Amino acid sequence: MRRRTTPPALAALVASVAVLLTIAPAHAAPQPDGASRVRGDQWHLRYLKVAEAHRISQGEGVIVAVPDTGVDPHPDLASNLLPGTDIIPGGSGDGRRDRDSHGTSMAGLIAAHGRGDGLGALGIAPKARILPIFDSPPRGEGEADALAAGLEYAVSHGADVASISSGGGSSERLVRAVDAALAANVIVVAAAGNRPQDLSVGYPASESGVIAVGGIDRTGKHAAVSVTGPEVDVVAPAVDIYSTSYDGKYSKGTGTSSATAIVAGAAALIRAKYPYLPAEEVAHRLTATAVDKGPPGRDDEYGYGVIDLVAALTADVPPVGFGSATASAPGDVAPATTAVAEPAGGGPDDGATARGLATLGVIAAASGVYLVVRRVDVPTTRRRGSAGSVGGVPNHTPLRLVLASASPARRKLLQAAGIEPDVLVSGVDESQVVTDRAEELCLELARLKAQAVLGRLRPTPDEHTLVLGCDSVLAFDGEILGKPADEADATRRWERMRGRSGVLHSGHCLIDVTRGARAEAVASTTVHFAEIGDDELAAYVATGEPLAVAGAFTIDGLGGPFVERIEGDAGTVVGVSLPLLRRLLGELELSITQLWTKVAPGGQSVQPLG
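In this report, the structure presented in the accompanying data block is examined.

Rules and cut-offs
- The residue numbering used here restarts from 1 in each chain and proceeds along that chain's sequence as written.
- In keeping with the predicted nature of the model, local features appear solely for residues at pLDDT of at least 70, side-chain atom pairs appear and are counted solely at 80 or more, and the whole-chain, interface and lining totals rest on all residues.
- Side-chain measures here rest on the full set of heavy atoms in the structure, leaving out hydrogens and waters.
- For two strands to be treated as a pair, DSSP must find at least two bridges joining them.
- Think of it this way: any DSSP run of H or I at least four residues long counts as a helix, any run of E at least two long counts as a strand, and we number them from the N terminus.
- In this description, contact between two residues means that some pair of their heavy atoms is separated by no more than 4.5 Å.
- Between the N-to-C directions of two axes lies an angle of 0 to 180 degrees, each axis being a line fitted to C-alpha atoms and, for a helix, fitted only over the stretch in contact.
- Categorising residues by exposure relies on relative accessible area from a 1.4 Å probe, with only protein chains included: less than 20% of the type maximum marks a residue as buried, more than 50% marks it as exposed, and the intermediate range marks it as partly exposed.
- Pairing of aromatic rings covers Phe, Tyr and Trp, the last through its six-membered ring, and needs centres within 6.5 Å; plane angles under 30 degrees mean stacked, over 60 mean edge-to-face, and all others mean tilted.
- Working rule: Lys NZ or Arg CZ, within 6 Å of ring centre, within 35 degrees of ring normal, means a charge sits over the ring.

Looking now at the sheet that holds strand E4 (residues 85-86). Two pairing modes exist for strands in a sheet, parallel and antiparallel, and in both the strands are linked by backbone hydrogen bonds. With parallel pairing, the seven strands of this open sheet are ordered in space as E4-E5-E3-E7-E9-E10-E11. Only two strands of the sheet have a single partner each, and these edge strands are E4 and strand E11 (234-237). As judged from the six bridges shared by strand E3 (residues 63-68) and strand E5 (residues 129-134), these two strands associate in the parallel manner. Pairing of Val64 across the sheet is with Ile130, part of E5. Packed onto the sheet, helix H4 (residues 102-111) meets E3, E5 and strand E7 (161-164) and runs at close to 160° relative to E3.

In structure tokens form, the structure reads like this:
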């Protein structure tokens, strides 16, 4: 693990924080057959049952930032290496140079893809991409502000996970950067520290919300090198860990750096499998499914236990704060088997410490949607919904619906149906999705809008939060018609559409933030347009209304008289299909009646029904 120093001017702010020293990987002697030998030497792959986990997820589409000594384009890693940045002088300019080996080793543990046929190093998430950030000098100590700048870069460049195999002193800027990363829905994983230099968990692993990682040895026992403390969340293999190095070589390292990269890879697997889960829920899932070691329950050596990749990707556990909730697996995923409470690998005490999942009352997943949670103190028995609850959520629990849309028409439609949503505008760039299928386009945009607001939410256990993302497009003559570019474009569209018909598709993505579940679908309605005259058309376009809506028309505004009839749900054309919303809520084991509000006489108060 690499050491971070504190700028002298800020030393007084962190005088109580222990400084973590670096144990960099020791370079193995060059081997002519290194690519054929390294996979067998990677014992942690077998211990963590990586092959089984890879049948479920390989980290597809996830970006993992690695602020470190840079990352060399090793043959086993190069295809997954993005251009990054240099925070300090002496690199290649884009983070893709490493004269120390530490950064390349960490990146390889996360996302090495190997060379096929069992050759080369393999990472925990071999289809994730690495964002390399050169912020630590070779064989030297990095600065806290340099790490802060690296995290800021990671957040602004779309990182899903940040793997920090360093620690020690902090600074005001670093604290702000860590907080900003967590607020931006980035999963931050950091090393706890290495003995004998370190006596306690340093920063940023000591920060609340950061996943602090300790280490175990080949037998599954606490690694002597690993720091202990109340901040430790989980542990992973940390002794004799083989990975990639610079100039196409391989390395062997011991320390919590390696364990941190492995856990970051595990986070990438979960995020790829369940991309709608907030970062906090990914951390919940890692700790909830960890295999308990040492004294029963959480302890300062093992935290909540050894990570279990397969259980983390398949187990169904109650959400934090909702011990009686239930859930089931996504419809596009084979039903998960009951998570077995056993160690992730073959240590000599495999059967003796199998307690973690049993104390959570883990149950098998069925069809529908999926639920995850952090390890919490809950009863070992679990109940499904009874007469006083829907889907395990008590009827008296407030349901908060967040509408991820700036459309006043959607909000007005929901309000007319007795639902008072909060509005958070997603700010999604709609041009980023390119497809020639209208249904696929509107659903993907709805999904992106819903996901975009997740990182800005802070749900509490006494509030059940839902996010609804919606987007609409008109399919006409085999062409997708979104919002017109200008008045001339709107006029041309209406000249084509008048007297004819098109199909309005509205994508709906409903995310149960509290339970980490998602349901989504597209509603489609055929719209028959009136034979509008040129004067009427010119007057309508001049109002500006058609410029702000898909297909250049509305039915709930000035454009209503120009629609002769519709076949299907009129709400779809406005942008929210209430019957579809009801069905999606049903898939999440909720009822639309839980979203109703009633207004007392005179409109003096609003309260949930039921």
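What follows deals with helix H8 (residues 279-288). With nine of its 10 residues buried, H8 lies for the most part within the structure. The inward-facing, buried residues of H8 abut strand E9 (187-191), strand E10 (211-216), E11, helix H7 (256-273) and helix H9 (309-314).

A few words on unusual backbone geometry. Leaving glycine out, the prevailing phi sign among residues is negative, and the prevailing peptide bond configuration is trans. Cis geometry marks the peptide bond from Tyr203 to Pro204, where omega comes out at 10°. With phi around 55°, Asp117 is a residue other than glycine that occupies positive phi space. When you line up the elements, Asp117 lands in the loop between H4 and E5. The class of Asp117 is exposed, set by a relative accessible area of 82%. Even without a glycine there, the phi angle at Asp477 is positive, about 55°.

The subject of this paragraph is the packing of aromatic side chains. The relation between two aromatic rings is expressed through the spacing of the ring centres and the mutual angle of the planes. Tallying each qualifying case throughout the model produces six aromatic pairs. Look at Trp494 and Phe562: their rings are 6.2 Å apart centre to centre, the planes differ by 80°, and that puts the pair in the edge-to-face class. With a gap of 68 residues between them, Trp494 in helix H12 (residues 487-497) and Phe562 in the loop between helix H13 (534-542) and strand E22 (563-567) connect regions that are remote in the sequence. With a centroid separation of 5.0 Å and 85° between ring planes, the pair formed by Phe529 and Phe553 is classed as edge-to-face. Remark: Phe553 occurs in the loop between H13 and E22 and Phe529 occurs in strand E21 (residues 517-529); sequence separation between them is 24 residues. You can call Phe529 buried: its relative accessible area is 3%. What makes Phe553 buried here is its relative accessible area of 4%. Taken together, Trp494, Phe529, Tyr540, Phe553 and Phe562 form an aromatic cluster joined through their ring pairs. Across from the ring centre of Tyr246, 5.0 Å away, lies the NZ or CZ of Arg99, which sits over that ring.

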